[in-house]
Amino acid sequence: MEYRYLTEDIIQKIEECRKKFPLKEQCIIPALHHILDKYRDIVPEAVLELSDYLKVPVSHIEGIVSFYDMFRYRKNAKNHIRICRNLPCHLANFRSLLEKIKEKTGADVGRSSPDGLWYIELVECIGSCGIAPAFLINDDLYDGSKIKSSGDLDNILSRYVK
Ligand code: FES
């Protein structure tokens, strides 16, 4: 595999780490930090390359990326959906809204949709608790409680796919 994101300086740092620790898995988090330092976000392709380089399953590295808030996948999609997960929105069942949005867009939390149109992020309070569960698409605020049917969500999403 040819590496595009795992540059020589990153590989060198991984090798330095490997000299210090017996298990290659112990160098995943340091390697992700180096990727973050260089690209400011976790680039999905870099995760594939790191998996290939360390011979560790991609799912293992992805599990680490999604577990730690400090690691974020690159938001390279056209539209950025932010869904509030704080208490009022939690009580208003933001999870159900999230599942609907995931199903409609093909994106997942921290991961862009395959068509590159959508990226989903869970965020802290966006100051709109009165319309919980609240969410933003780019800079537009929406009241999740008004989404009663799948058609309602289709109508909203269709505004962003032109
Ligand atoms: S808690 Fe969700 S907008 Fe405030």
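Everything numeric in this text was worked out from a predicted model, so none of it was measured.

## Remarks on the layout of surface pockets
Phase 1 of the analysis: By volume, the largest pocket amounts to about 320 Å³.
Phase 2 of the analysis: The set of elements that each furnish at least two residues to the lining of the largest pocket consists of helix H4 (58-67), helix H6 (94-105) and strand E2 (118-123).
Phase 3 of the analysis: Take the lining of the largest pocket: its biggest share by element is 4 residues, from E2.

## Here's the deal with the pairing of E2
Phase 1 of the analysis: Along E2, 6 of the 6 residues are buried, which leaves the element largely enclosed by surrounding structure.
Phase 2 of the analysis: The alternating pattern of E2 places Trp118, Ile120 and Leu122 on one face and Tyr119, Glu121 and Val123 on the opposite face, and all of these are buried.
Phase 3 of the analysis: In this sheet, E2 lies alongside strand E1 (residues 79-84) in parallel orientation, the contact comprising 6 bridges. Bridge assignment links His80 to a residue of E2, and that residue is Tyr119.

## Considerations on the sheet that holds strand E3 (residues 134-137)
Phase 1 of the analysis: The strand order across the open sheet built from 4 strands is E2-E1-E3-E4, with neighbouring strands paired in mixed fashion. With one partner strand each, in any of the chains shown, E2 and strand E4 (140-143) form the two edges of the open sheet. Sheet twist, expressed as the average angle between the axes of neighbouring strands with direction ignored, equals 25 degrees.

## Overview of the state of the cysteines
By definition, a disulfide links the sulfur atoms of two cysteines through a covalent bond.
Phase 1 of the analysis: In this structure the tally under the stated criterion is 1 disulfide.
Phase 2 of the analysis: A disulfide bridge connects Cys17 with Cys27, and the sulfur atoms are separated by 2.2 Å. In this structure, the disulfide formed by Cys17 and Cys27 twists by about -100 degrees around the S-S bond and is classed as left-handed. In this pair, Cys17 sits in helix H1 (residues 8-20) while Cys27 sits in the loop between H1 and helix H2 (28-39), placing the two residues 10 residues apart along the sequence.

## Focus on the domain arrangement of the protein chain
Phase 1 of the analysis: For the protein chain, the assigned domains read domain 1 (8-67) and domain 2 (79-158).
Phase 2 of the analysis: For domain 1 versus domain 2, the distance between C-alpha centres works out to 30 Å.

## What about the packing of H1 against helix H3 (residues 44-54)?
Phase 1 of the analysis: In contact at an axis separation of 12 Å, H1 and H3 are set at 45 degrees when each is read in the N-to-C sense. One finds that H1 runs oblique with respect to H3. When you trace H1 past H3, the crossing you get is right-handed. Listed contacts from H3 to Ile11, Ile14, Glu15 and Arg18 of H1 are Leu50, Tyr53 and Leu54.
Phase 2 of the analysis: Along the lines of polarity and charge, the residues of the contact of H1 with H3 split into 5 nonpolar, no polar and 2 charged.

## Quick notes on the side chain of Asn79
Phase 1 of the analysis: Turning to its location among the elements, Asn79 is positioned in strand E1.
Phase 2 of the analysis: Judged by relative accessible area, Asn79 falls into the buried class, the value being 4%.
Phase 3 of the analysis: In terms of polar contacts, Asn79 uses its side chain to reach the side chain of Asn138, at 2.9 Å.
Phase 4 of the analysis: Apart from residues no more than four positions distant in its own chain, Asn79 is found in contact with Leu117, Trp118, Tyr119, Ile137, Asn138 and Tyr160.

## Let's talk about the nonpolar core
Phase 1 of the analysis: Of all hydrophobic cores here, the largest spans 23 residues; its most connected members are Ile81, Ile83, Ile101, Trp118, Ile120, Phe135 and Ile137.
Phase 2 of the analysis: Breaking this core down by element, the ones donating at least two residues are E1, H6, E2, E3 and helix H7 (150-158).
Phase 3 of the analysis: A per-element tally of this core places H6 first, with 4 residues.
Phase 4 of the analysis: By size, the runner-up hydrophobic cluster in this structure holds 22 residues, among which are Tyr5, Leu6, Leu50 and Ile61.

The rules behind each value
- Within every chain, residues take consecutive numbers counted from 1 along the sequence as written.
- With pLDDT at 70 or above as the cut-off, local features in this predicted model cover only qualifying residues; side-chain atom pairs require 80 or more to be listed or tallied, and sums for whole chains, interfaces and linings still use all residues.
- To obtain the side-chain values, all non-hydrogen atoms of the structure were included, while hydrogens and water were left out.
- Note on definitions: the grid is 1 Å and covers protein atoms alone; a cavity is a set of points where a 1.4 Å probe fits but cannot get out; a pocket is an open set with protein on both sides within 12 Å along at least five of seven lines; lining residues have an atom within 4 Å of a point.
- Grid points are joined across faces, edges and corners, and a volume is the space filled by probe spheres set on the points.
- Per the convention used, a helix needs a DSSP run of H or I reaching at least four residues, while a strand needs a run of E reaching at least two, with both numbered from the N terminus.
- Remark: exposure states derive from per-residue accessible area (1.4 Å probe, protein chains only) relative to the maximum for the residue type, with buried under 20%, exposed over 50%, and partly exposed in between.
- Strands are labelled as partners when DSSP assigns at least two bridges between them.
- In this analysis, axes come from line fits to C-alpha atoms, helices being fitted only over the stretch in contact, and the angle between any two N-to-C directions falls in the range 0 to 180 degrees.
- Two cysteine sulfurs form what is called a disulfide whenever their separation falls within 2.5 Å.
- Domain limits in this description derive from either an automatic procedure or a database domain assignment.
- An angle counts as roughly parallel when it lies under 35 degrees, as roughly antiparallel when it exceeds 145, as roughly perpendicular when it falls between 65 and 115, and as oblique in every other case.
- Each crossing gets its handedness from the near helix: less than a right angle anticlockwise from the far helix is left-handed, clockwise is right-handed.
- Here a residue-residue contact requires only that any non-hydrogen atoms of the pair lie within 4.5 Å.
- Note that Gly is not counted as nonpolar here; it falls among the polar residues with everything else outside the nonpolar set of Ala, Val, Leu, Ile, Met, Phe, Trp, Tyr, Cys and Pro and the charged set of Asp, Glu, Lys and Arg.
- Polar contact criterion, stated in full: a pair of N or O atoms within 3.5 Å, where within protein one must be able to donate a hydrogen and the other to accept it, and residues adjacent in sequence count only if both atoms are side-chain atoms.
- Think of a nonpolar core as a cluster: buried Ala, Val, Leu, Ile, Met, Phe, Trp, Tyr and Cys residues, connected wherever their side-chain atoms sit within 4.5 Å.

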